[in-house]
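# Structural overview for review
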Amino acid sequence: PPPPPERFCILFVSANNSDEAKLRLEREVEMMWDAFTAECGEDAWRGVVVFQHFLFADMQHLVKGLLDFKPVVVHFACHGHQSALSLYQDPVSVQRLTDTLAVWSGETGGGALRLVVANACHSAALATALSKHVDFVIGHHAPVKDVTAVQFAKVLYKALGAGHSLRTSFQL
């Protein structure tokens, strides 16, 4: 695969539907950025990493984020089901997400997308489908408590920000 661009984007796509358990999305975004910059400091990443987020995101926000920022990483923080992710008031099927994200990992979309983190319950089906198109995909086979999902993201991004490989960051 091609190396990531000199400047790259991490796109955080999250949703909190009123009829579902509350997610602490704003705090999760802050914690991920703080963890990512903890080891080397914000100055080391300024101009190199753009950390963009959409809270209460629907499919239109996802497409806008893909078009505007051409992310290397897309991180989903929402509720999941075996056949869909619950974006804001819009359950989006695994097939639709796969079709959309596959474009951005291939030459048509510039080949920028290298990692998708589906930090949502029952997101393994999405991870499996995306693994045919994206270099690295992380998903969950079972329900994940909000606290556990946030802690996972915090550890993952802290290790990545410290310069560890994705494999090492994931295994921590």
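The structure this text deals with has already been given above.
So, here is what we can say about the structure in this document. Remember, predicted model here, so these are calculated numbers, not experimental data.

### With respect to the sheet that holds strand 4 (residues 79–81)
The sheet built from three strands is open, its strands ordered 4-5-6 with antiparallel pairing. At either margin of the open sheet sits one strand with a lone partner, and together these are strand 4 and strand 6 (90–93). Averaged over all pairs of adjacent strands, the angle between strand axes in this sheet comes to 25°, irrespective of strand direction. Alignment of strand 5 (residues 84–87) against strand 6, held across four bridges, turns out to be antiparallel. Bridging across to strand 6, Ser 86 finds its partner in Pro 91. Each of strand 5 and strand 6 touches helix 4 (residues 94–105); the most contacted strand, strand 6, lies at about 70° to it.

### Some thoughts on the state of the cysteines
One pass over the structure, following the stated rule, counts zero disulfides. In this structure Cys 121 is a free cysteine whose sulfur lies 9.4 Å from that of Cys 78, the closest cysteine sulfur available.

### Some details on the side chain of Ser 123
Mapped onto the secondary structure, Ser 123 falls in the loop between strand 7 (115–118) and helix 5 (124–130). Here the side chain of Ser 123 touches Ala 120 through a polar contact of 2.8 Å, landing on its backbone oxygen. Apart from the residues lying within four places of it in its own chain, the contact partners of Ser 123 are Leu 85, Ala 118, Gly 139 and His 140.

### A short note on the nonpolar core
By size, the foremost hydrophobic cluster in this structure holds 28 residues, and its most contacted members are Val 13, Leu 62, Val 74, Phe 76 and Leu 97. Secondary-structure elements contributing two or more residues to this core are strand 1 (8–14), strand 2 (49–54), helix 3 (59–69), strand 3 (73–77), strand 5, helix 4, strand 7 and helix 5. A per-element tally of this core places helix 4 first, with four residues. With residues near it in sequence (within four places) discarded, Leu 97 still touches Met 59, Leu 62, Phe 76, Leu 85, Val 92, Leu 126 and Leu 130. Among the nonpolar cores identified, the runner-up in size contains 22 residues, and Met 32, Trp 45, Val 49 and Leu 166 belong to it.

### Structural notes on the pairing of strand 3
Counted residue by residue, strand 3 has five buried out of five residues, so it is predominantly covered. The alternating pattern of strand 3 places Val 73, His 75 and Ala 77 on one face and Val 74 and Phe 76 on the opposite face, and all of these are buried.

### Here's the deal with the side chain of Thr 37
Mapped onto the secondary structure, Thr 37 falls in helix 1 (residues 25–38). Every residue in contact with Thr 37, bar those within four places of it in the chain, is listed here: Glu 42 and Trp 45.

### Remarks on the packing of aromatic side chains
Applying the stated criterion across every chain, the model contains five aromatic pairs. Summarising the aromatic geometry, the rings of Trp 33 and Phe 51 are spaced 5.7 Å apart at their centres and angled 45° between planes, so their arrangement reads as tilted. With Trp 33 in helix 1 and Phe 51 in strand 2, this pair connects stretches of sequence that are 18 residues apart. Accessibility expressed as a relative area gives 19% for Trp 33, which makes it buried. When its relative accessible area of 15% is taken as the criterion, Phe 51 is described as buried. An aromatic cluster is present here, built from Trp 33, Phe 36, Trp 45 and Phe 51 joined pairwise through their rings.

### Comments concerning helix 3
Those residues of helix 3 lying buried are Met 59, Leu 62, Gly 65 and Leu 66. All buried residues of helix 3 project into a common sector of 125° when viewed along the axis, lining one side. Where the residues of helix 3 are buried, they touch strand 1, strand 2, strand 3, strand 5, strand 6 and helix 4. Where helix 3 ends, the next residue or the one after it, Lys 70, has phi of about 45°, a positive value.

Parameters and conventions
Residues numbered from 1 in each chain as written. Predicted model: local features only at pLDDT ≥ 70, side-chain atom pairs only at ≥ 80, totals over all residues. Heavy atoms only, no water. Pairing = 2+ DSSP bridges. Helix = DSSP H or I, 4+ residues; strand = E, 2+ residues; numbered from the N terminus. Axes fitted to C-alpha atoms, helices over the stretch in contact; angles between N-to-C directions. Contact = heavy atoms within 4.5 Å. Disulfide = S-S within 2.5 Å. Polar contact = N/O pair within 3.5 Å; in protein donor to acceptor, adjacent residues only side chain to side chain. Core = buried A, V, L, I, M, F, W, Y, C linked by side-chain atoms within 4.5 Å. Buried < 20%, exposed > 50% of the residue type's maximum accessible area, 1.4 Å probe, protein only. Phe/Tyr/Trp six-rings, centres within 6.5 Å; stacked < 30°, edge-to-face > 60°. Arc of directions from axis to C-beta.

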